[in-house]
Amino acid sequence: MSRYDPATLEPKWQAAWEDANVFLAEPSADKPKYYVLEMFPYPSGRIHIGHVRNYTMGDVIARYKLATGHSVLHPMGFDAFGMPAENAAMASGGHPADWTYANIDTMVAQMKPLGFGLDWSRMFATCDPEYYGQQQALFLDFLEKGLVYRKNAVVNWDPVDMTVLANEQVIDGKGWRSGAEVERRELTQWFFKISDYSEELLDALDGLDDWPAKVKLMQANWIGKSRGLQFRFATQDAPEGFDSLEMYTTRPDTFLGATFAAIAADHPLARALAEQNSEIAAFCEECRKGATNEEALEKAEKIGFDTGVTVVNPFQPDRALPVFIANFVLMDYGTGAIYGCPAHDQRDFEFAKKYGLDIVDVFVAETDGVPVSTEAYVPDKDVIVRYLRALAGPEVMTSYEAIDHAIGRCEADGVGEGVTRFRLRDWGLSRQRYWGCPIPVVHCPTCGVVPEKKENLPIELPRDVDISIPGNPLDRHPTWRNCTCPKCGGAAQRETDTMDTFVDSSWYFARFTAPHADTPTDPEAAAYWMNVDQYIGGIEHAILHLLYSRFFARAMHICGHLPETAKEPFNALFTQGMVTHAIFQTRDGEGRPVYHYPEDVDLRDGKGFLADGTEVEIIPSAKMSKSKNNVVDPVAIISQYGADTARWFVLSDSPPERDVEWTAAGAEAAYKHLGRVWILCDRIAQMDKDAAGTGDEDLMRAMHKTIFDVTNGVESFGFNAAIAKLYAFTNTLSKSQASYAAQRQAVMTLAQLMAPMTPHLAEDIWAHQGGEGLVAQAAWPVADEAMLVEDTVTLPIQINGKRKSEIVVPKDASKEEVEKIALADDAVVKALAGGQPKKLIVVPGRIVNVVL
RNA sequence: GCGGGCGUGAUGGAAUGGUAGACAUAUCGGACUUAAAAUCCGUGGGCCGUAUGGCCGUGUGGGUUCGAGUCCCACCGCCCGCACCA
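Since the model is a prediction, treat every value here as computed from it, not as a measurement. (Residues numbered from 1 in each chain as written. Chains lettered and ligands numbered in written order. Predicted model: local features only at pLDDT ≥ 70, side-chain atom pairs only at ≥ 80, totals over all residues. Heavy atoms only, no water.)

Caption draft 1: The overall build of chain A, seen in detail. A count of helices and strands for chain A gives 27 helices and 33 strands. Principal-axis analysis of the C-alpha atoms places the extent of chain A at approximately 105 × 85 × 65 Å. A total of 852 residues make up chain A; the buried ones form 53% of that total. With 81 positive and 120 negative side-chain charges, chain A shows a spacing of 2 Å between the two charge centroids. (Helix = DSSP H or I, 4+ residues; strand = E, 2+ residues; numbered from the N terminus. Buried < 20%, exposed > 50% of the residue type's maximum accessible area, 1.4 Å probe, protein only. Lys, Arg positive; Asp, Glu negative; His and termini not counted. Charge placed at Lys NZ, Arg CZ, Asp CG, Glu CD.)

Caption draft 2: Representation of the sheet that holds strand 30 (residues 792–799) within the structure. Pairing within the open sheet is mixed, and its four strands lie in the order 31-30-33-32. Only two strands of the sheet have a single neighbouring strand rather than two, namely strand 31 (802–810) and strand 32 (839–843). Recorded for the sheet is a direction-independent mean angle of 20° between the axes of neighbouring strands. Across three bridges, the pairing between strand 30 and strand 33 (residues 847–851) is parallel. Bridge assignment links Gln798 to a residue of strand 33, and that residue is Asn849. (Pairing = 2+ DSSP bridges. Axes fitted to C-alpha atoms, helices over the stretch in contact; angles between N-to-C directions.)

Caption draft 3: How the structure looks around the environment of Leu138. With respect to the secondary-structure elements, Leu138 resides in helix 5 (residues 129–144). Each C-alpha atom of the pair Leu138 and Arg63 lies 33 Å from the other, and the pair is 75 residues apart in sequence. Contacts of Leu138, omitting those with residues within four sequence positions, involve Trp507, Pro520, Phe552, Met556 and His561. (Contact = heavy atoms within 4.5 Å.)

Caption draft 4: Focus on the packing of helix 2 (residues 49–67) against helix 20 (residues 643–652). Look at helix 2 against helix 20: their axes get within 9 Å of each other, and the N-to-C directions meet at 90°. As far as their axial angle goes, helix 20 and helix 2 are roughly perpendicular. Facing Ile49, Val52, Arg53, Thr56, Met57, Asp59, Val60 and Arg63 of helix 2, the residues of helix 20 in contact are Arg647, Val650 and Leu651. Taken together, the residues that form the contact of helix 2 with helix 20 break down as six nonpolar, one polar and four charged. (Parallel < 35°, antiparallel > 145°, perpendicular 65-115°, else oblique. Nonpolar A, V, L, I, M, F, W, Y, C, P; charged D, E, K, R; others polar.)

Caption draft 5: Geometry of empty space enclosed by the protein. Summed over the entire model, instances satisfying the criterion amount to four cavities of 30 Å³ or more. Taken as a whole, the largest cavity holds about 190 Å³ of empty space. As for the largest cavity, its lining consists of 18 residues, and the residues nearest its centre are Glu86, Met90, Thr163, Gln169 and Gly471. Secondary-structure elements contributing two or more residues to the lining of the largest cavity are helix 3 (83–92) and strand 4 (163–165). Among the elements that take part in the lining of the largest cavity, helix 3 stands out by supplying four residues, more than any other. Here the lining of the largest cavity is built from residues that sort into nine nonpolar, five polar and four charged. Looking at the second largest cavity, the residues that line it are Arg63, Ala67, Gln752, Ala755, Pro756, Pro759, Glu763, Val775, Ala776, Ala778 and Trp780. (1 Å grid on protein atoms, 1.4 Å probe; cavity = no way out; pocket = protein on both sides within 12 Å on 5 of 7 lines; lining within 4 Å. Points joined across faces, edges and corners; volume = space filled by probe spheres on them.)

Shape is all these values report; function is a separate question.
As structure tokens, then:
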């Protein structure tokens, strides 16, 4: 043994762990359990360095928990349904299943050399019939409990390809393949009743102490609870049956600034008017153009059509407001009708300018009597409250109280009432696609929609489908949809829609507790392993995936698949950042960017050059993208440096919640450091075993301090800081003149502390020093508190808040003693020039501040 | 557009409201070498100074505090999400 050779030692230790079944998750009566889970990957084809970062973080936790005496569950699987498989099949002529399973095989083969402590015996893919069959069983249970229902909803429709498009397939309002302008079209679809749980999902966020505050805030905003006034505006010149229009508002300050009303193209009134007037009908069609996503709707040019109908605001009986049909009002939100206050809302202001509507400024007193003219005046809270108090009386202190005041008035007059609303909409799960979990229901001409019998599950996807043309292959399959009605036994048709892939990922964490059970979960296993103690994944899942999973856990509890305690399935959540990489680009003759691979770029003094000497532009920290040629392939990194270097680097350079930029220099540095640690270990192993030395005590103090710091770092996701402490301790150890016994203890402890991050190297050091068994199974070192405290502390002295000097005082010195020593300090004496300080602040153990 | 976040040396970053820049990389200087690489030692925010040291400094502008990278307000820039991408 003479050099660090990861290519040899890594497979060796991986085999050793496997032989010893180190990571097989087994319930234990006398150990606490710990379930650590990283968001499972989509089988895109190859693992990405971002996966390496994600699973390394989870692995650090898993290995640490194992070392601290837990029974650990750390599983891996694949989120395997979805559009990319269909797209790949369309492009290559293959089959989505073949593509998916081949990718899974490749990715597993790429993951194993990274040495993750995973229980591979629990692996599954969501496209396995064993998995999605249980998902169908869940669907049937939800249906029975009223947690799923059918209603109409709007989808993106490509009129040329005659197919439904996902939002990502809509580019600038046009279909990605056909280029045709996308239309909004209504289909009957299945929905989960997540909105029934709005209040609960919101309230329960309070109990999620180990979730990032920002994720909880984003979810709270997404659920969007509001208390407002729902009130009726009496109509004039409206078709029969439309005596009034219902509006909802949370903004009492805009009541009197209202100058127009707008309704959705799908509002019943708009539909009624369209029947009578072809111009209105044409306009409504126009409004239905464009994508369904909120961002597109918000950014789209606002257009309106004056219907000739007017309404009267109950707060302003003498003013008739024109009613427009407008493309920015959606039937799904609120009542499908709004009133506009142009003076105090920029969007309404622009609409009013465009259509020549009145602008009534109710805050004119706040703007020195100058009314709104070029843009809306949006008042801040204090201004609103002052205004409302003047309007409604001195008891009004908040906007909320003003709403209550208005509610009272409207209820007395019979024109409105208080309503609590949520922004959260029900979760539409129907997808008109092949590669997903079939929805297990049957459409019977006599019985209507009938749930499939559980004994017929799984309803498997047919293998023989034609993927090559747009549309749902299940829909046009010659025989698959033909079946018998589970109720009457007559000829019937299967539902051909499949489920949103978010359904697949909303309960996989529960399935991991009993991946082979013939029910969705095994109650005993679920009771033992749930909840997920630590969940780790990207911030991009902050809202949808995590909210859906929280809903699913509740629904599964209602159906008896999860215990009450698992209603919040993730005890702690950590959202990690991306791995980025610089883009190296030059420009072609027309100024278009040309992207260069990192291996073609020579970096010198922060500049990059091609082989011919051309300087390239470096765009740092860009998201990795195949088209930008800046993707780092973990497989190449492992073959060059080994898994431990990759693991060490992705943890070391940035805080885990932030993005980390992959650099060749950084990877090289990590590799060199691991090599130095190995050589250090080797040197200590060759020392004279009886060698005495100096500085044993100092080395042991440094060791215990490092144990303390690294333990804290691992516990609190401060991996980068923990690694910095390990660097410092390595430096200390390599300079140490301590005895062999002390140095051996230090290097073995170093190996233990590094083991969660660089497990292979740690095992090698452990074995090299004659350690017993595997370091993966050794107990985590414990810091000796007595070794952490020094006898004296150095306190900085500030004069007027600026550091000027420092003093050394005994660690248990009283405040008075510290004051005395501080006042005797040369710098303080000089600054005081014989006078007395105005104030003397002593923070024991921390700092002294002398105020002159 | 709406919601959320981030901003510290040349670079990645460290810092329970208490010594800003730990640790690492680049650079520069030195040792070793015929030389280079590797390795080791040192330097490593800016300005002034031979130096002891001094002044400035955490995106910008204000505020709170004995003390602000950290807390509050406004602004600028970048990133993420927006319900059929996973």
